[in-house]
Amino acid sequence: MSIARLWTVARLELLQRVRTVSWYVLLGIFAVLLIGVTALAFLAFGGIVSQADQRGAGIYSTIVIITLLLVVLVSPTLSGNSINGDRDAATLAPVQVTLARTSEILLGKVLAAWITGLAFAAVAAPFLVVATLAGGVDPVVVVVSLAVLIVEIGIIAAIGVGLSGLIARPLFSVAATYLVVSALVFGTLIAFGLGATAFSSEATTTYRPAMYNADGSPQCVDGADDCWNDPARMVCGAPQDSTYTVPRFDRVWWVLAANPFVILADATPAEYNGYGQPVDLFGQIASGVRQAQIPPDLATVYDECRPTMRDDVETPAEIRDRTVPSWFVGLGGQIVVAGLLVAGAWSRTRTPARALPPGTRIA
Amino acid sequence: MLTAGITVRDVRRSFGRVDAVRGVDLDARAGAVTGLVGPNGAGKTTLLLMLASLLQPDAGSIRIAGIDPVADPAQARARLGWMPDALGAWGSLTVRETLEMTARLYDLDKPAAARRAGELLDQVGLTGLAGSQARVLSRGQKQRLGLARALVHDPSVLLLDEPASGLDPQARVDLRGLLRGFAAAGKTVLISSHILSELEEVVDDAVFLLDGATVSPDRVAAAAGRTRTWRVRVADLEAQAAVLPIATALGLDVARVPIDRRDVLIPFASEAEAAAGLRVLIDAGVAVAEFSAATGMLEHTFLDLGSERKEAS
């Protein structure tokens, strides 16, 4: 493995990209979108978050998530045809015939696609700084969220390059890259929702009402009329059972672990305000996912004659403390998938070629 | 036979059910230019891809400067320069950058790559276009860039697929000079082309490829030995007027001697017979201004092999 050759392959790719006008147009559109998002985020979090010094966290997390969203939307077109597009343009074979090894060519292309995606993150940088200036952004949150963002961009780049090496036609490999990325972003959500409903459980609620007089006052066991605040003396009716189905999110929550946005949110350390509520979008997404891990109560009882003080509702902070993080599983899974795709592309692109994908020529 | 050239023994390669190359034996000497001649679809490009270490043969052995490109592609690539028939250029890179980048892929360091690019630009006559983007080049200029790219690492074996297509006459003369120079420097040059007259002037040896297989030397010799046509032109006489004295002198039936524009076409079985015929014409007082084989040796052999194949099928 020669770093010089790998970097030359990446440079070849990048030089061609930076010399196209459309590339700058794309970055410009991205910047305009971010201006809008930042402005809206300032207005939104300015209204919601009462403490002025905590508004920055929400704005910051919004910009990071929007950046990831846009990279997810754009990246497949940038990396999804890097191998087969070159083959179509007859520029792959002239590289293969040099001393550059197949691994250097593939990793060079992954690197180039990665750097291309990071250019979007670079455009987002000034907006992140502005958000940070609004206050309340923990440096640890910045470091971790940006690290996850960078890794996610790299994974999408690798998926695109891998599929472009496995699939002969650029159009189909770009589409396939979109499908894989969509499966991670939207497919996990759909599987989560449908799965939870499909594996739902029967839950029972038992309700024992107190008996009331015509004037609305409770009937008391001793015929008195002063048992308003004394349930022990009330006359109780027959308990009524009713059954209903509850979706079992706790059975499918792990599907969400593969979602890039969940990984980003779950990996980032959560910041809470004084009421245990998350201060940024990362925390809100993460607490939703963590909440899903908790099994529903399948036998609930509402007894008007034996009212129990309802347990304190758990705050997101408490839920997070007693549930398990999943981001590393999801991230690991994504890295394995991307790695397998690149490895498959390697064996298909290797020269001297034994078998050629149908309908392709080497040069 | 020098071992340092290209040696191919019984190489086969099929794509699915199509047998692109069905049995090629080929020797290209170092220090010589070898032509690879064959009709479209004969398997020339497939063979060159295998020689260039890009495609693996199904069977048979290949040696490039003594190295097996299947077993050790890196070593083979260090020694071979390949110029594809369809040159894919990195459109937005300049001519100079294209060469520098290629040099970097051959492990030249930056200063060496820049130096080498300069030399090559000069060698193929692209110095004036060094700063132009590859996409604005004409076809001929792209061909020259492709040739320069194949030469970046000063390979000892050159594989050129249709290098002359798209070149103007001056560039062809230059290319011929370059190729003869490589041969003189002891390199092996294998060149495929359709332009047989062009090939004729530059090759030392020729290998004929028909339906994916090399034509045996005996068949080539037989085809080459068959009757060829000579063009005869008489000074200041139209062909219609010249045909009678020529036919009379050679004892031919004047009605069966063909005419092509200003030339009279006469078949001779061999070069010796042609020489004898010329002597007869001059002795008979015919003012012969031009006397030349109508087709080059390669073209003649090529066409003859082709017609043989048509008869067979």
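Scroll up to find the structure.
Attention in this report is confined to the structure presented alongside it. Just so you know, the residues in each chain are numbered from 1, in the order the chain's sequence is written. Ligands are numbered from 1 and chains lettered from A, in the order in which they are written. Under the rules for a predicted model, residues below a pLDDT of 70 receive no local features and side-chain atom pairs below 80 are neither given nor counted, while totals for whole chains, interfaces and linings still include all residues. Only heavy atoms go into the side-chain values, all of them from the structure, while hydrogens and water stay out.

## Things to note about the overall build of chain A
Then step 1. Assigned secondary structure in chain A consists of 13 helices and 3 strands.
Then step 2. We compute the radius of gyration from the C-alpha atoms alone; for a globule the expected value is 2.2 Å times N to the 0.38, where N is the number of residues. Since a compact globule built from 363 residues should have a radius of gyration of about 21 Å, the 28 Å found for chain A marks it as more spread out than a globular shape.
Then step 3. Each principal axis of the C-alpha atoms in chain A carries an extent, and together these give about 100 × 50 × 30 Å.
Then step 4. What makes two residues a contact is simply this: any of their non-hydrogen atoms within 4.5 Å. A separation threshold of at least 6 residues defines the contact pool for chain A, and within that pool the share at least 24 residues apart is 84%.
Then step 5. Summing over all exposed atoms, chain A offers an accessible surface of approximately 17100 Å²; the carbon and sulfur share of this is 66%.
Then step 6. Note that His is not counted, nor are the chain ends; the positive residues are Lys and Arg, and the negative ones are Asp and Glu. Where a charge lies is defined by one atom per residue type: Lys uses NZ, Arg uses CZ, Asp uses CG and Glu uses CD. Across chain A, the centroid of the 22 positively charged side chains sits 25 Å from that of the 26 negatively charged ones. Counting from the N terminus, the helices are DSSP H or I runs at least four residues long and the strands are E runs at least two residues long. All accessible-area figures derive from a Shrake-Rupley calculation using a 1.4 Å probe, and residue coverage is judged against the displayed protein chains alone.

## Focus on the overall build of chain B
Then step 1. Looking only at helices and strands, one finds 11 helices and 13 strands in chain B.
Then step 2. Overall size of chain B, expressed as C-alpha extent along the three principal axes, is 70 × 45 × 35 Å.
Then step 3. Categorising residues by exposure relies on relative accessible area from a 1.4 Å probe, with only protein chains included: less than 20% of the type maximum marks a residue as buried, more than 50% marks it as exposed, and the intermediate range marks it as partly exposed. Looking at chain B as a whole, 50% of its 313 residues qualify as buried.
Then step 4. Restricting the contact set of chain B to residue pairs at least 6 apart, pairs at least 24 apart contribute 71%.
Then step 5. Of the accessible surface of chain B, which amounts to about 13700 Å², a share of 51% is contributed by carbon and sulfur atoms.
Then step 6. Side-chain charges in chain B split into 35 positive and 39 negative, and the spacing between the mean points of these groups amounts to 5 Å.

## Let's talk about the packing of helix 3 (residues 55-79) of chain A against helix 11 (residues 281-292) of chain A
All names here are of chain A.
Then step 1. A fitted line through C-alpha atoms represents every axis, and for helices the fit uses only the stretch in contact; the resulting angles, taken between N-to-C directions, go from 0 to 180 degrees. With their axes 7 Å apart at the nearest point, helix 3 and helix 11 run at an angle of 70° to one another. The angle between helix 3 and helix 11 places the two elements in the roughly perpendicular class. Touching Tyr60, Ser61, Thr62, Val64 and Ile65 of helix 3 are Leu281, Phe282 and Ile285, all from helix 11.
Then step 2. Ten residues, namely Ala, Val, Leu, Ile, Met, Phe, Trp, Tyr, Cys and Pro, are considered nonpolar, four, namely Asp, Glu, Lys and Arg, are considered charged, and the remaining ones, Gly among them, are considered polar. Considering only residue class, the contact of helix 3 with helix 11 consists of 6 nonpolar, 2 polar and no charged. Any angle that is under 35 degrees is reported as roughly parallel, and any over 145 degrees as roughly antiparallel; angles of 65 to 115 degrees are reported as roughly perpendicular and all others as oblique.

## Considering the interface of chain B and chain A
Then step 1. Each partner contributes residues to the interface: chain B has 34 residues there, and chain A has 30 residues.
Then step 2. Values labelled buried area give the accessible surface lost by two parts on being combined, using a 1.4 Å probe and summing over both. Taken over both partners, the interface formed by chain B and chain A buries close to 2900 Å², and the fraction arising from carbon and sulfur atoms is 63%.
Then step 3. Interface area lost by chain B to chain A is led by Leu54, Trp90 and Leu105 of chain B, which between them contribute 24%.
Then step 4. The rule for a salt bridge is simple: a side-chain nitrogen of Lys or Arg has to be within 4 Å of a carboxyl oxygen of Asp or Glu. Seen at the junction of chain B and chain A, the total is 2 salt bridges.
Then step 5. We note a salt bridge from aspartate 107 of chain B to arginine 5 of chain A, for which the minimum N-O separation is 2.7 Å.
Then step 6. Pairs of N or O atoms are called polar contacts if they sit within 3.5 Å, as long as, within protein, a hydrogen donor faces a hydrogen acceptor (for residues adjacent in sequence, only side-chain-to-side-chain pairs). Counting across the interface, chain B meets chain A through 12 residue pairs in polar contact (both at pLDDT 80 or more).
Then step 7. For the side of chain B that touches chain A, the secondary-structure elements that each account for two or more residues are strand 1 (6-15), helix 2 (73-79), strand 5 (80-83) and helix 3 (95-105) of chain B.
Then step 8. Considered class by class, the residues forming the side of chain B that touches chain A number 19 nonpolar, 8 polar and 7 charged.

## Considerations on the sheet that holds strand 10 (residues 228-234) of chain B
Residue and element names in this part refer to chain B.
Then step 1. Between any two strands, pairing holds if DSSP finds at least two bridges. Read across the open sheet, the 4 strands follow the order 11-12-10-13; overall the sheet is antiparallel. Pairing within the sheet leaves two strands with one partner each, and these edge strands are strand 11 (259-260) and strand 13 (288-293).
Then step 2. Inspection of the sheet shows strand 10 paired to strand 12 (residues 263-268) by 5 bridges, in the antiparallel sense. When the sheet's bridge partners are listed, arginine 228 is paired in strand 12 with phenylalanine 268.
Then step 3. Contacts from helix 9 (residues 239-250) reach strand 10, strand 11 and strand 12, with the element oriented near 25° to strand 12.
Then step 4. Set on the sheet, helix 10 (residues 271-283) makes contact with strand 10, strand 12 and strand 13; between it and strand 13 the angle comes to about 170°.

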